[in-house]
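Chains, contacts and geometry: an overview
Residue-level listing of the chains:
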Amino acid sequence: MNYEEIKSSADKDMKQAVESFEGRIANIKAGRASEAVLDGITFSYFGNETPINQAATISIPEARLLVIKPWDKSNVGPIEKAIIKADTGINPQNDGEVIRLPFPALTEERRKEYTKEVGKYAEDAKISIRNKRRDGMDEVKKSEKAGDITEDDKFALEEELQNITDKYIEEVEQLADKKNKELLTV
C-alpha cells in the first residue's frame, strides 16, 4: 500500500468506529422523547418489514411524549405490537388513530447507570480506534519493508496516524461528555 492508501484507510476505519459509537449512544434514553428509540423497529406492512418512520408521521409535541400517526389507520395495531416486541422500555398508548409513547422521567440511579453505559461504549470505541491505528502502523512497516515507502515517509505516516487517532478519540470523548450532560440534566 502507498502513503495515501494507508492514511485514508485508517481514517475511514476510525470514522466508522465513531459513527458506531454515536449509533449506540443515540438509543440511550435521556428521559426526553427521541425518534432514535424507533430506529431499527419494523413491522409487517403488506408482507414487507417496514421501518415505522416510512409508514407514519412521527412528532414530539412535548418533551417527554412521542406521537406516531400512521398514514394508514390499519397499521396502528401492528406498529404498537412491533414497539412492544422491541422492548424499548416504553409502553405505547393506542387510541385507534395515533400511538403515544410517554417517556418516563429517569431516576437519579438510572441516570448514573446510563452514564456508566455511555462510558463503557466510549471506551469500546477508543479501543477500536487504537486497534485501527495499530493495523495502520503494521501496514506502514510492511510497506517500508516492501519498498513502497521510504523511511522518512514511514515516520511521517506514523505521526499522521497518531494525529488521526487523537482526533477521533477526542471526538468520542466530546460525544460522550455531551450525552452524559444530557443524561444528568433533570
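Description of the structure in this document. Sequence order sets the numbering: in each chain, residues are counted from 1 along the sequence as written. It should be noted that, the model being predicted, local features are given only for residues of pLDDT at least 70 and side-chain atom pairs only at 80 or more, the latter also being counted only at that level, while totals for whole chains, interfaces and linings use all residues. Excluded from the side-chain calculation are hydrogens and water; included are all heavy atoms of the structure.

What to know about the sheet that holds strand 5 (residues 93-94)
Two modes of strand pairing occur in sheets, parallel and antiparallel, and in both the strands are linked by backbone hydrogen bonds. Stated formally: Strands were regarded as paired on the criterion that DSSP finds at least two bridges between them. For the purposes of this entry, the term helix denotes a DSSP run of H or I that reaches at least four residues, the term strand denotes a run of E that reaches at least two, and both are numbered from the N terminus.
Pairing within the open sheet is antiparallel, and its 4 strands lie in the order 3-4-6-5. Looking at which strands have only one partner, the edges of the open sheet turn out to be strand 3 (56-62) and strand 5. The sheet contact formed by strand 3 and strand 4 (residues 65-70) spans 5 bridges and is antiparallel. If you follow Thr-57 over to strand 4, its bridge partner there is Lys-69.

Concerning the side chain of Lys-179
Under the convention used in this document: Each residue is placed in one exposure class: buried if its accessible area under a 1.4 Å probe, protein chains only, is under 20% of its type's maximum, exposed if it is over 50%, and partly exposed if it falls in between. The contact rule is simple, with two residues in contact once any of their heavy atoms fall within 4.5 Å.
Here Lys-179 lies in helix 4 (residues 151-184). Classification of Lys-179 as buried rests on a relative accessible area of 8%. Beyond its immediate chain neighbours, meaning those up to four positions away, Lys-179 contacts Ile-25, Ala-26, Ile-28 and Val-118.

A few points about unusual backbone geometry
Of note, Phe-46 is a non-glycine position whose phi angle comes to about 55°, a positive value. You can see Phe-46 is positioned in the loop between strand 1 (42-45) and strand 2 (48-51).

Concerning the packing of helix 1 (residues 3-26) against helix 4
The condition is simple: With axes taken as lines fitted to C-alpha atoms, and helix axes fitted only over the stretch in contact, angles between N-to-C directions fall between 0 and 180 degrees. The cut-offs work like this: below 35 degrees is roughly parallel, past 145 is roughly antiparallel, 65 to 115 is roughly perpendicular, and the gaps in between are oblique. Put simply, Ala, Val, Leu, Ile, Met, Phe, Trp, Tyr, Cys and Pro go in the nonpolar bin, Asp, Glu, Lys and Arg in the charged bin, and everything else, Gly too, in the polar bin.
Remark: helix 1 packs on helix 4, axes separated minimally by 10 Å, with the N-to-C direction vectors making an angle of 10°. Comparing their axes, helix 4 and helix 1 come out roughly parallel. Each residue belonging to the contact of helix 1 with helix 4 can be placed in one class, and the counts come to 16 nonpolar, 1 polar and 9 charged.

Re the nonpolar core
We count it as follows: Throughout this description, the term nonpolar core refers to a set of buried Ala, Val, Leu, Ile, Met, Phe, Trp, Tyr and Cys residues connected via side-chain atoms within 4.5 Å.
Formed by 28 residues in total, the largest nonpolar core has its most connected members in Phe-21, Ile-25, Ile-28, Ile-129 and Val-172. Counting only elements with at least two residues in this core, the list comes to helix 1, helix 3 (108-146) and helix 4. Here this core gets 9 residues from one element, more than from any other, and that element is helix 4. In contact with Ile-25, other than residues within four places in its own chain, are Val-118, Tyr-121, Leu-175 and Lys-179. Ile-79, Ala-82, Ile-99 and Leu-101 belong to the second-largest nonpolar core, a separate cluster that totals 19 residues.

The analysis is restricted to geometry; functional conclusions fall outside its scope.
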